[in-house]
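Overview (structure and organization)
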Amino acid sequence: MNLRTVVDGASTDILSVAQLPVLWICALGVFAVIIVQTVIYIRAARVAAPAAGMQPGELRTSFRAGAVSAIGPSLAVALVAVALLAVFGTPAVLMRIGLIGSVSFETGAASIAAGTMGADLGGPTYTQGVFAVAFMAMSLGGAMWMIATLVLTPLLKRGDVNLRKVNPAVMTVVPGAALLAAFFALGLGELPKSGNHVVAFLASSAAMAVCLGFAKALRAQWIREWALGVAILTALVVTYLTVGAGLFPAA
């Protein structure tokens, strides 16, 4: 495959560059790192278990419980990832969303990056050049997230302890408020585009509210973990029906 014939910044054929071999190599590299990390953590747990008073059987039980408890969040992420394959391609989804990324963070970063170029993810203005910028924003954001975690965690821990002494509610409210404001701003930016965008926004908001309500009422954490995927699917289905019914004229 001639790379020059595939890559064209103005082309809307995203999958031709999203499936490039170099991206698959990067994805396999990420898988290798995750596997190595897993082996290291398992060995460290086995070494530390006797000091914690854990028997080998208890350690195996904890591993099994951790694996089972990870199924729900993993399926929820996979559900969203499948919907994003056509936008980012398989290697990017595996690297950024399927393994080490947060669905909300990655899609938010990609949307902001595409918006700076006057494009919408998956829209008619979503070109290979926009994909490259969005993917780079996702990757840089994830990289800095990991680096900042390694460097700043010890420093932030001290500040967190001091703030909790003053007001324990501060460190609970501030991060949640920041995330809510960021994604609410992204959602509001879509409303003026068309009535279908309004329907999608309201449908996803209602689905999220219902899921969170059930999660709280039933005390079921797994519902909260599936909420984002359910909200996205609900918005897709409702918008598909409204577009098919022609309730709103095209923008």
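Residues numbered from 1 in each chain as written. Predicted model: local features only at pLDDT ≥ 70, side-chain atom pairs only at ≥ 80, totals over all residues. Heavy atoms only, no water.

A few words on the overall build of the chain. In terms of regular secondary structure, the chain is built from eleven helices and zero strands. Sequence-ordered secondary structure for the chain, helices as α and strands as β, is α-α-α-α-α-α-α-α-α-α-α. Here the chain holds 251 residues, and 24% of them are scored as buried. Contacts in the chain between residues far apart in sequence, at least 24 positions, make up 63% of those at least 6 positions apart. Here the chain displays about 15800 Å² of accessible surface, and carbon together with sulfur accounts for 73% of that area. (Helix = DSSP H or I, 4+ residues; strand = E, 2+ residues; numbered from the N terminus. Buried < 20%, exposed > 50% of the residue type's maximum accessible area, 1.4 Å probe, protein only. Contact = heavy atoms within 4.5 Å. Areas by Shrake-Rupley, 256 points an atom, 1.4 Å probe, with all protein chains shown as cover.)

Moving on to the nonpolar core. Ranked by size, the top nonpolar core spans 25 residues in total, and within it Phe88, Met95, Tyr126, Phe131 and Phe135 carry the most contacts. Broken down by secondary-structure element, the contributors of at least two residues to this core are helix H2 (14–18), helix H3 (21–48), helix H5 (71–88), helix H6 (90–99), helix H7 (103–116) and helix H8 (128–166). Cys211, Ala215, Ala220 and Ala227 belong to the second largest nonpolar core, which has five residues in total. (Core = buried A, V, L, I, M, F, W, Y, C linked by side-chain atoms within 4.5 Å.)

According to the stated counting rule, one finds one aromatic pair in the structure shown. Measuring from centroid to centroid gives 5.9 Å for Phe131 and Phe135, while their planes differ by 15°, and the two rings are stacked. Taken together, the positions of Phe131 and Phe135, both in helix H8 and four residues apart, correspond to about one turn of that helix. Look at Phe131 and you get buried, because its relative accessible area is 4%. (Phe/Tyr/Trp six-rings, centres within 6.5 Å; stacked < 30°, edge-to-face > 60°.)

Attention now goes to helix H10 (residues 195–218). The terminal C-alpha atoms of H10 lie 34 Å apart, and with 24 residues this matches the ideal 34 Å at 1.5 Å per residue to within 8%. Buried within H10 are the following residues: Asn196, Val199, Phe201, Ala203, Ala207, Cys211 and Ala215. At the N-terminal boundary of H10, the capping side chain belongs to Ser194, with an oxygen 3.3 Å from the backbone nitrogen of Asn196. Once H10 ends, the next one or two residues include Arg219, with phi positive near 55°. (Expected span 1.5 Å × (residues − 1). Polar contact = N/O pair within 3.5 Å; in protein donor to acceptor, adjacent residues only side chain to side chain.)

A surface patch of like charges, here positive, comprises Arg43, Arg46, Arg60 and Arg64. Secondary-structure elements contributing two or more residues to the positive patch are H3 and helix H4 (56–69). Secondary-structure assignment places Arg64 in helix H4. (Patch = residues over 30% accessible without salt bridge, like charges linked within 9 Å, V, L, I, M, F, W, Y side chains within 5 Å. Salt bridge = Lys/Arg side-chain N within 4 Å of Asp/Glu carboxyl O. Lys, Arg positive; Asp, Glu negative; His and termini not counted. Charge placed at Lys NZ, Arg CZ, Asp CG, Glu CD.)

Looking now at the side chain of Asn196. Summarising the element assignment, Asn196 is placed in helix H10. What Asn196 contacts, discounting residues up to four positions off in sequence, is Thr239, Thr242, Val243 and Phe248.

Another aspect to go through is the layout of surface pockets. By volume, the largest pocket amounts to about 2100 Å³. Every residue lining the largest pocket is counted, 46 residues in all, and those nearest its centre are Thr107, Ser111, Gly187, Ser204 and Ile232. Contributing elements (two or more residues each) for the lining of the largest pocket: H5, H7, helix H9 (170–190), H10 and helix H11 (221–245). For the lining of the largest pocket, the per-class residue count stands at 26 nonpolar, 17 polar and three charged. (1 Å grid on protein atoms, 1.4 Å probe; cavity = no way out; pocket = protein on both sides within 12 Å on 5 of 7 lines; lining within 4 Å. Points joined across faces, edges and corners; volume = space filled by probe spheres on them. Nonpolar A, V, L, I, M, F, W, Y, C, P; charged D, E, K, R; others polar.)

On the surface, Met144, Ile147, Leu150, Val151, Leu152, Leu155 and Leu156 cluster together to form a nonpolar patch covering roughly 720 Å² of accessible area. For Met144, the location among the structural elements is in helix H8.

To continue, consider the environment of Ala27. Mapped onto the fold, Ala27 is located in helix H3. Under the relative-accessibility criterion, Ala27 is labelled buried at 1%. In contact with Ala27, not counting residues within four places along its chain, are Pro91 and Met95.

For the rest of this paragraph, the subject is the environment of Val87. On the secondary structure map, Val87 appears in helix H5. Placed 72 residues apart in sequence, Val87 and Leu15 show a C-alpha to C-alpha distance of 8.1 Å. Those residues in contact with Val87 that lie beyond four places of it in its chain are Ile14, Leu121, Gly122, Tyr126 and Phe131.

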